[in-house]
Amino acid sequence: MTTGGKTVQWLRQNWRAGLAWITGAIFIYAASTKIADPRDFSTAIENYRLLPLWLVNPAALFLPWAELAAGAALIFSGWRRAGALLVSGFSCLFLLAVLSAILRGLDIRCGCFGPGGHQAGLLTLALDAALLAAGWLLAEMPLPRIRKSGQNQATRLNSDPYPGPHL
Amino acid sequence: MRAEMTKVFFLLAGAGALALGTNILRPDPLPWLHTSEVRLLAQAGELAQLRTEPTAWVDARTWEAFVAGHVAGAVNLPAGQKFQQLARLFEMLAPQGPVVIYGKDALDADGREIAEFMVQNGYAPEQIYLFTPGWDGLEKIASVATAQGEQP
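Calculation notes
- Residues numbered from 1 in each chain as written.
- Chains lettered and ligands numbered in written order.
- Predicted model: local features only at pLDDT ≥ 70, side-chain atom pairs only at ≥ 80, totals over all residues.
- Heavy atoms only, no water.
- Helix = DSSP H or I, 4+ residues; strand = E, 2+ residues; numbered from the N terminus.
- Buried < 20%, exposed > 50% of the residue type's maximum accessible area, 1.4 Å probe, protein only.
- Areas by Shrake-Rupley, 256 points an atom, 1.4 Å probe, with all protein chains shown as cover.
- Salt bridge = Lys/Arg side-chain N within 4 Å of Asp/Glu carboxyl O.
- pLDDT = per-residue confidence, 0-100.
- Contact = heavy atoms within 4.5 Å.
- Disulfide = S-S within 2.5 Å.

## Regarding the overall build of chain B
Reasoning step 1: Each helix and strand in chain B was counted, giving six helices and seven strands.
Reasoning step 2: Listing the helices and strands of chain B from first to last along the sequence gives α-β-α-β-α-β-β-α-β-α-β-α-β.
Reasoning step 3: Here chain B holds 152 residues, and 45% of them are scored as buried.
Reasoning step 4: Accessible surface, chain B as shown: approximately 7,800 Å² in total, 59% of it carbon and sulfur.

And the structure:
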């Protein structure tokens, strides 16, 4: 077998672990920048105007550590699914926050990777969507099924709420 | 699934404990409760609404950044020199009417620091506004006149 063939085979066998490591590393990096400077992260959260003021600082203190825990859990196989569930939850939360900022026309920084970060926009949405997809795959959650039209009809006939004679 | 949810609970509980512990040990801990009374402006539209009244501007960036470009008529009050320049600020800005403060960008904490400092030093919270996108955001608004060089 060629080296390329071996790499493809290795990737097929270990893609889940690779995805978990990459996603985990992103979460750990993002968390460490925010843990280092909670004030900046507090400002970033406040700028979204989604939380009441009294919740801003507790969120700025807690979220980075929760992200770090989720990222670290992804790296250890025994904790991977729990980490993936957290990653999915956080990514979904961040995605909704960024989406709401875009819809409200807020010109703010996303706060994803600590001080400096880029504007909350389509790039941030794409990153959050990718992380959500990774978390969903790693958590081994069922993917939405697309039904064929024939199947749909059969389901509809079987689930007739009035099984008696139709008038 | 139940076992996974237990692990999730442990991860979140651990994160909470670490957040609590590290903030207590930090040399400058983040206050648990945010008590700012400063009003936030995050859009050009909100700024335009405010500017129907005469508005004063405070630039919280460094002197060098101010000289390179600022809102016309703004007073420069770098966060690092706020105590030395408080008297000058009172001379230049009347304690009535809206005052809009801006820093470098949306993650720059200097603007907020100055806004809170002004409230603590006698300006009414209702008149202090923080333009959160900062100078980076102001530069994009065509209706805001800008200038370069030192302040008069």
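Anyway, onward from the coordinates.
## Some remarks on the overall build of chain A
Reasoning step 1: For chain A, the helix and strand inventory stands at six helices and zero strands.
Reasoning step 2: Order of helices (α) and strands (β) in chain A, N terminus to C terminus: α-α-α-α-α-α.
Reasoning step 3: For chain A, the computed accessible surface area is about 9,600 Å², with 68% contributed by carbon and sulfur atoms.

## Comments concerning the pattern of salt bridges
Reasoning step 1: Counting across every chain of the model gives six salt bridges over all chains.
Reasoning step 2: Note that Asp105(B) is salt-bridged to Lys104(B), the shortest N-O span being 3.2 Å.
Reasoning step 3: Classification of Asp105(B) by relative accessible area gives buried; the value is 10%.
Reasoning step 4: For Lys104(B), a relative accessible area of 46% gives the class partly exposed.
Reasoning step 5: Counted as one network, the salt bridges with shared partners bring together Glu46(A), Arg112(B) and Glu116(B).

## Looking at the confidence of the model for chain A
All names here are of chain A.
Reasoning step 1: Mean pLDDT over chain A: 81, with 81% of residues reaching 70 or higher.
Reasoning step 2: Averaged pLDDT values for the elements of chain A fall to 50 in helix α6 (residues 149-158) and rise to 93 in helix α4 (residues 80-103).
Reasoning step 3: Under a pLDDT of 50 for its full length, residues 153-167 has, in the predicted model, one contact with residues more than four places off or in other chains.

## Describing the state of the cysteines
Residues and elements named next belong to chain A.
Reasoning step 1: Going through the model one piece at a time under the given rule, you end up with one disulfide over all chains.
Reasoning step 2: Between the sulfur atoms of Cys 110 and its disulfide partner Cys 112 the distance amounts to 2.3 Å.
Reasoning step 3: The exposure class of Cys 110 is buried, given its relative accessible area of 6%.

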